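The primary structure of each chain is shown beneath.
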Amino acid sequence: MAGEGGVRGFILAAGKGVRLGPLGQRVPKPLWPLGGLPLIGFALRKLRRAGVREVGINLHHGAEAIRAAVGGRPLGLHARYFFEPEILGTAGGLKNAEGFLRETGEPFFVLNADAPCAADLEEVLAHHRRGGFLATLVLRQSPEAGRYGVLAADEAGRLRRFLRAQAPGASRGRETEAMFTGLSVLSPAILDHIPAGRPCGISEEIYPPLLASGAPLGAALTDAYWADLGTPGSYLAAQEDLLAGRFVPEFPWPEGDMVLVTGPPVGWGGGRLEPPVLISGGARLERGALAGPFSVLMRDVTLAHGATVSRTVMFPGSRAGRGARLERCIVGPGASAEPAGGESCGAAFLEGEGGPVPFE
């Protein structure tokens with residue numbers, strides 16, 4: 001297992017979540033539920049599955065809420081937190097945790113809290129060790145590579161291009177263009193190349209000059225599922241992928257009192273479900289209420305008389321009011337979506353404190 005010999009993990013969870021709008025300010029992005037679980041829970045379970053026993057987590061926005069939700073021993077892992085009064089960027093966040101990351105002398109995994117990826121961590125670690133790389137980046141071929149930035153790997157699994165930077169010398173064999181998933185394995189020596197005491201982006205300041213200098217950087221190509229859940233639209237799309245089976249978690253799911261209802265329509269309380277629907281055993285549907293396809297109804301959610309939701313995520317304790325009609329919506333914790341002036345709520349809004357706010 002990867003954890004034998006002291007391999008640790010580091011989860012990047014310090015982002016502000018500004019692209020998620022008002023609800024992103026109220027609920028830190030790592031705690032947004034995906035399939036009934038907080039996003040950071042996917043990263044924690046992935047690390048545990050790879051044999052990791054100690055994990056570092058950097059924090060900024062919503063630090064206390066994340067710390068309280070995750071705790072000191074999440075899933076049997078020992079968690080260490082690194083608060084950043086000023087966001088330090090990916091490289092700066094790693095440098096801030098340098099003592100923790102160097103302590104074992106072993107490589108360590110780096111994962112984003114908001115970008116689940118089904119790539120096999122142990123395979124990536126094995127490739128990293130075989131190549132003697134300073135860093136090994138997990139890359140994925142995608143038609144959206146241009147949007148995120150194009151990288152290239154050769155047939156030997158070496159990184160040959162990182163945005164505009166190229167490795168020296170002629171490449172042998174075919175190169176594959178891909179995008180960076182944000183998942184990587186790093187050797188402690190990479191910390192020598194990160195300046196201390198200031199913010200620093202690893203993609204902007206660290207990888208390009210290292211690659212151009214000929215430093216040994218690896219690339220592990222994957223066709224596994226990956227998603228960036230930084231916007232409400234991409235968040236809803238990932239929920240649909242999960243309920244449709246396009247994204248299959250690497251652990252038993254759903255958990256707790258959540259139930260994935262598939263097959264033909266079924267009754268639920270006084271209402272009806274049109275699957276696939278992920279629903280908590282504590283959700284309540286009043287007479288004539290309907291939860292349509294790709295909806296997620298969490299703990300203590302209520303659909304009032306005649307309310308209809310579809311492709312909608314309802315956070316714990318939220319409510320769809322009498323006669324409300326919600327499509328592609330996110331209803332924040334404890335919030336209530338009520339028809340305005342007797343009319344249905346419009347499609348594509350974010351519901352939080354203060355009412356609907358357009359997000360697309």
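For the structure, see preceding data.
Residues numbered from 1 in each chain as written. Predicted model: local features only at pLDDT ≥ 70, side-chain atom pairs only at ≥ 80, totals over all residues. Heavy atoms only, no water.

Draft legend 1. How the structure looks around the side chain of Asp228. Residue placement: Asp228 occurs in the loop between strand E12 (217-222) and helix H9 (232-244). A polar contact of 3.2 Å, which involves the side chain of Asp228, links it to the backbone nitrogen of Gly230. (Helix = DSSP H or I, 4+ residues; strand = E, 2+ residues; numbered from the N terminus. Polar contact = N/O pair within 3.5 Å; in protein donor to acceptor, adjacent residues only side chain to side chain.)

Draft legend 2. Geometry of the sheet that holds strand E26 (residues 336-337). In space, the four strands of this open sheet follow the order E17-E20-E23-E26, with parallel pairing throughout. The open sheet terminates on both sides in strands that have one partner only, identified here as strand E17 (284-285) and E26. For E17 and strand E20 (residues 302-303), the ladder comprises two bridges, and the chain directions are parallel. Within E20, the position partnered with Leu285 by the bridge is Leu303. (Pairing = 2+ DSSP bridges.)

Draft legend 3. Representation of the pattern of salt bridges within the structure. Under the defined criterion, the tally for this structure stands at 20 salt bridges. Salt-bridge contacts for Asp228 lead to Arg19; the nearest nitrogen and oxygen are separated by 3.8 Å. With Asp228 in the loop between E12 and H9 and Arg19 in the loop between strand E1 (8-12) and helix H1 (21-26), this pair connects stretches of sequence that are 209 residues apart. On the basis of relative accessible area, Arg19 is assigned to the partly exposed category, the value being 44%. For the salt bridge of Glu286 with Arg284, the shortest nitrogen-to-oxygen distance reads 3.1 Å. The exposure class of Arg284 is partly exposed, given its relative accessible area of 47%. Overlapping salt bridges, with partners in common, bring together Lys95, Glu98, Arg102 and Asp192 in one network. (Salt bridge = Lys/Arg side-chain N within 4 Å of Asp/Glu carboxyl O. Buried < 20%, exposed > 50% of the residue type's maximum accessible area, 1.4 Å probe, protein only.)

Draft legend 4. Inspection of the nonpolar core at higher detail. Membership of the largest hydrophobic core comes to 61 residues, with the highest contact counts inside it found for Ile11, Trp32, Ile40, Ile57 and Phe109. Among the secondary structure elements, those contributing two or more residues to this core are helix H2 (39-49), strand E4 (54-59), helix H3 (63-70), strand E5 (78-83), strand E6 (108-112), helix H6 (121-131), strand E11 (175-186) and H9. Looking at which element gives the most residues to this core, the answer is H2, with six residues. In this structure, Phe10, Val110, Leu137 and Ile206 belong to the second largest nonpolar core, which totals 35 residues. (Core = buried A, V, L, I, M, F, W, Y, C linked by side-chain atoms within 4.5 Å.)

Draft legend 5. Summary view of the packing of aromatic side chains. This structure, assessed with the given rule, holds nine aromatic pairs. With 5.5 Å between their ring centres and 90 degrees between their planes, Trp32 and Phe315 make a pair best called edge-to-face. A residue pair is termed long-range when its members are at least 10 positions apart, and Trp32 in the loop between H1 and strand E2 (33-34) and Phe315 in the loop between strand E22 (313-314) and strand E23 (319-320) qualify at 283 residues. On the basis of relative accessible area, Trp32 is assigned to the buried category, the value being 0%. (Phe/Tyr/Trp six-rings, centres within 6.5 Å; stacked < 30°, edge-to-face > 60°.)

Draft legend 6. The pairing of strand E8 (residues 151-154), seen in detail. Going residue by residue along E8, you find Leu151 and Ala153 tucked away on one face and Ala152 and Asp154 tucked away on the opposite face as well. For E8 and strand E9 (residues 159-162), the ladder comprises three bridges, and the chain directions are antiparallel. Within E9, the position partnered with Leu151 by the bridge is Phe162. Between E8 and E9, which pair antiparallel one after the other, the connecting turn spans four residues, and Gly157 there sits at a positive phi close to 80 degrees. Bridging between E8 and E11 involves four bridges; their strand directions are antiparallel.

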